[in-house]
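# Close look at the chain arrangement
Listed here are the chains, written in short residue letters.
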Amino acid sequence: MLVVQKYGGSSVANPERIRSVAGRVADAHAAGDRVVVVVSAMGDTTDQLIDLVHEITDKPPEREMDVLLSTGEQVSIALLAMALKELGKPVVSLTGAQAGILTDSSHTKAKILEISSSRVLEELGRGNIVVVAGFQGIDEADDITTLGRGGSDTTAVALAAAFKADLCEIYTDVDGVYTTDPRLVPEARKLDVISYNEMLELASLGAAVLHPRSVELGMKYGIPIHVRSSFNNHPGTIVKEINDTMEKSLAVTGIAYDLNVAKIGLYDVYDRPGIAYRLFHALSEEKINVDMIIQSATRDEINDISFTCSQVDLQKALQVIERLLPEIGANGFAGDDNVAKVSIVGAGMVSNPGVASMMFSALSEEGINLEMISTSELKVSCIIKASEAERAVTALHRKFNLAKGA
């Protein structure tokens, strides 16, 4: 059996934990499995490297950021390989480039184009455990690229898809996927199974257990993903395709929240064809991801447009808007990064009327004002004040009866 295992930064945060991971990997190899291991940088290494950058410059070149940040994972793979050698295991460590991970040239946010499996398969054929640096690859110009935060999850699932692995295990510091963040709501319940679609929504809306792109890859190639703890042997959560005729979905599966959100409003924008295109095309040219978009009703041939983006992109987005003001005719604009997004997610929402009403009722009872609302078949999201996020998540979790034993 071919197994891909991924270990996050907390799982390899120090030598003791690296030795523990080595033991788990060695056990899988001893059981007869061919094993590919993907690891993240140790602990807070990436944050520490970013702090170093800001001591040098406030505007680091993205190419050089990739060169720097990729070193964190290279430390991890070398140390884990050494720990496995100490256990008498045949092992080789490979960078993303050596593992054949080819990406586009979008530095700091690269996407995987293809994986050349020859080197990894050769090493597996020799009986080696292959330890691959997550989060990184190489573009056609032979420049190092990184996949963005959480990119090691994407690396692991992409490798599993490329090699047609039998199993992809994502080891982290929690026991699996919960109905919401158990650090915020102790009564949160671990889910035994969750659909790709629901997990993708939760991941996209702020749940930090899996990177959204890894879930997309799993869904595209039909790779079941087992999310479990690296600190015990308990079963975790299986992310897979779910047939509703076999497993009836609840109206709401989980509650997500995201504090890395900023809201931007444009006032008195011309109501003419092409205005929205000019605005959002200009933002996309700057690689600014836009999430919720709301346009108000037209009045006297003008309207207001509001949207959200990540906090890190707020200033860049405001600069784009300021440049476009004469063209789009807005009378003014404002940005606010003191907001949060809270969301309810569930495959059963489409067949259960009144779910949105229950959400609004729970938030109203807490005196929480809704600044923006967005809906789909699988989720309802609201923008609220950041200071109210914890109360909102707790109230929604209680309203939809998601606690342990409920």
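The structure we're discussing is the one just above.
So, here is what we can say about the structure in this document.

Cut-offs and rules
- Residues numbered from 1 in each chain as written.
- Predicted model: local features only at pLDDT ≥ 70, side-chain atom pairs only at ≥ 80, totals over all residues.
- Heavy atoms only, no water.
- Pairing = 2+ DSSP bridges.
- Helix = DSSP H or I, 4+ residues; strand = E, 2+ residues; numbered from the N terminus.
- Axes fitted to C-alpha atoms, helices over the stretch in contact; angles between N-to-C directions.
- Contact = heavy atoms within 4.5 Å.
- Parallel < 35°, antiparallel > 145°, perpendicular 65-115°, else oblique.
- Left-handed = near helix turned anticlockwise from the far one by under 90°.
- Nonpolar A, V, L, I, M, F, W, Y, C, P; charged D, E, K, R; others polar.
- Buried < 20%, exposed > 50% of the residue type's maximum accessible area, 1.4 Å probe, protein only.
- Polar contact = N/O pair within 3.5 Å; in protein donor to acceptor, adjacent residues only side chain to side chain.
- Salt bridge = Lys/Arg side-chain N within 4 Å of Asp/Glu carboxyl O.
- Phe/Tyr/Trp six-rings, centres within 6.5 Å; stacked < 30°, edge-to-face > 60°.
- Lys NZ or Arg CZ within 6 Å of the ring centre and 35° of its normal.

Taken together, eight strands build an open sheet; the order of strands is β3-β6-β2-β1-β9-β11-β12-β10 and the sheet is mixed. The two strands at the open ends of the sheet, each matched to only one other strand, are β3 (91–94) and β10 (193–195). Sheet twist, expressed as the mean angle between neighbouring strand axes with direction ignored, is 20°. As paired strands, β10 and strand β12 (residues 237–240) are joined by three bridges and run parallel to one another. Bridging across to β12, Ser195 finds its partner in Lys240. Relative to the sheet, helix α6 (residues 196–204) contacts β10 and β12, its axis offset from that of β10 by approximately 85°.

It is the contact of helix α5 (residues 151–162) with helix α7 (residues 212–221), at a shortest axis distance of 8 Å, that shows an interaxial angle of 15°. Relative to α7, α5 is oriented roughly parallel. For the crossing formed where α5 meets α7, the hand is left-handed. Each of Asp153, Thr154, Val157, Ala158 and Ala161 in α5 lies in contact with α7, whose residues at this interface are Arg213, Ser214, Leu217, Gly218 and Tyr221. Taken together, the residues of the contact of α5 with α7 break down into five nonpolar, three polar and two charged.

Moving on, we come to the side chain of Ser152. Summarising the element assignment, Ser152 is placed in helix α5. According to the relative accessible area criterion, Ser152 is buried, its value standing at 4%. Those residues in contact with Ser152 that sit more than four places away from it in its chain are Lys6, Val38, Val39, Ser40, Glu73, Gly134 and Phe135.

Mapped onto the secondary structure, His107 falls in the loop between β4 (101–103) and β5 (112–115). Of the polar contacts made by the side chain of His107, one reaches the side chain of Asp66; its length is 2.8 Å. Residues contacting His107, with those up to four places away along its chain left out, are Glu62, Arg63, Asp66, Asp139, Asp143, Ile144 and Thr145.

This part is about the environment of Glu365. Within the secondary structure layout, Glu365 lies in helix α10 (residues 355–365). Once the C-alpha coordinates of Glu365 and Ala392 are considered, the two residues, 27 residues apart in sequence, prove to be 10.0 Å apart.

Turning our attention to the packing of helix α2 (residues 45–56) against helix α3 (residues 62–86). Viewed as axis vectors pointing N to C, α2 and α3 meet at an angle of 145°, and their least axial separation amounts to 9 Å. Crossing geometry of α2 relative to α3 is assigned as right-handed. Where α2 abuts α3, its residues Thr45, Thr46, Leu49, Ile50 and Val53 lie against Met65, Leu68, Leu69, Thr71 and Gly72. Split into classes, the residues belonging to the contact of α2 with α3 amount to six nonpolar, four polar and no charged.

Attention now moves to the pattern of salt bridges. According to the stated counting rule, one finds 17 salt bridges in the structure shown. For the salt bridge of Lys399 with Glu365, the shortest nitrogen-to-oxygen distance reads 3.5 Å. Of this pair, Lys399 sits in helix α11 (residues 389–399) while Glu365 sits in helix α10; the two residues are 34 residues apart in sequence, bridging distant segments of the chain. What makes Lys399 partly exposed here is its relative accessible area of 30%. The salt bridge involving Arg391 is made with Glu366; its shortest N-O contact spans 3.4 Å.

The next point concerns the packing of aromatic side chains. Taken as a whole, this structure holds two aromatic pairs when the rule is applied. Here the aromatic rings of Tyr7 and Tyr171 are separated by 4.7 Å at their centres, their planes lie at 10°, and the arrangement is stacked. With Tyr7 in strand β1 (residues 2–7) and Tyr171 in strand β9 (residues 167–172), the pair connects residues that are 164 residues apart, well separated along the chain. The buried category is assigned to Tyr171, whose relative accessible area is 3%. The interplanar angle of 75° and the centroid separation of 5.5 Å between the aromatic rings of Phe280 and Phe307 together place this pair among those described as edge-to-face. You can see Phe280 sitting in helix α8 (residues 275–285) and its partner Phe307 sitting in strand β15 (residues 302–309), a full 27 residues away along the chain. Both residues of the pair, Phe280 and Phe307, count as buried. We note Arg272 situated over the ring of Tyr270; from NZ or CZ to the ring centre the distance is 4.2 Å.

The strand order across the open sheet formed by six strands is β14-β15-β13-β16-β18-β17, and the pairing between neighbours is antiparallel. Two strands close off the open sheet at either side, each with one partner strand: β14 (293–295) and β17 (372–375). Between one strand axis and the next, the sheet turns through 25° on average, direction left out of account. With seven bridges connecting them, strand β16 (residues 332–345) and strand β18 (residues 379–385) associate as antiparallel partners. Paired with Ile344 across the strands is Val380, a residue of β18. Across the sheet, α8 is in contact with β13 (254–270), β14 and β15; its angle to β15 comes to roughly 20°. The strands touched by α11 within the sheet are β13, β16 and β18, with β16 carrying the most contacts at an inclination of about 30°.

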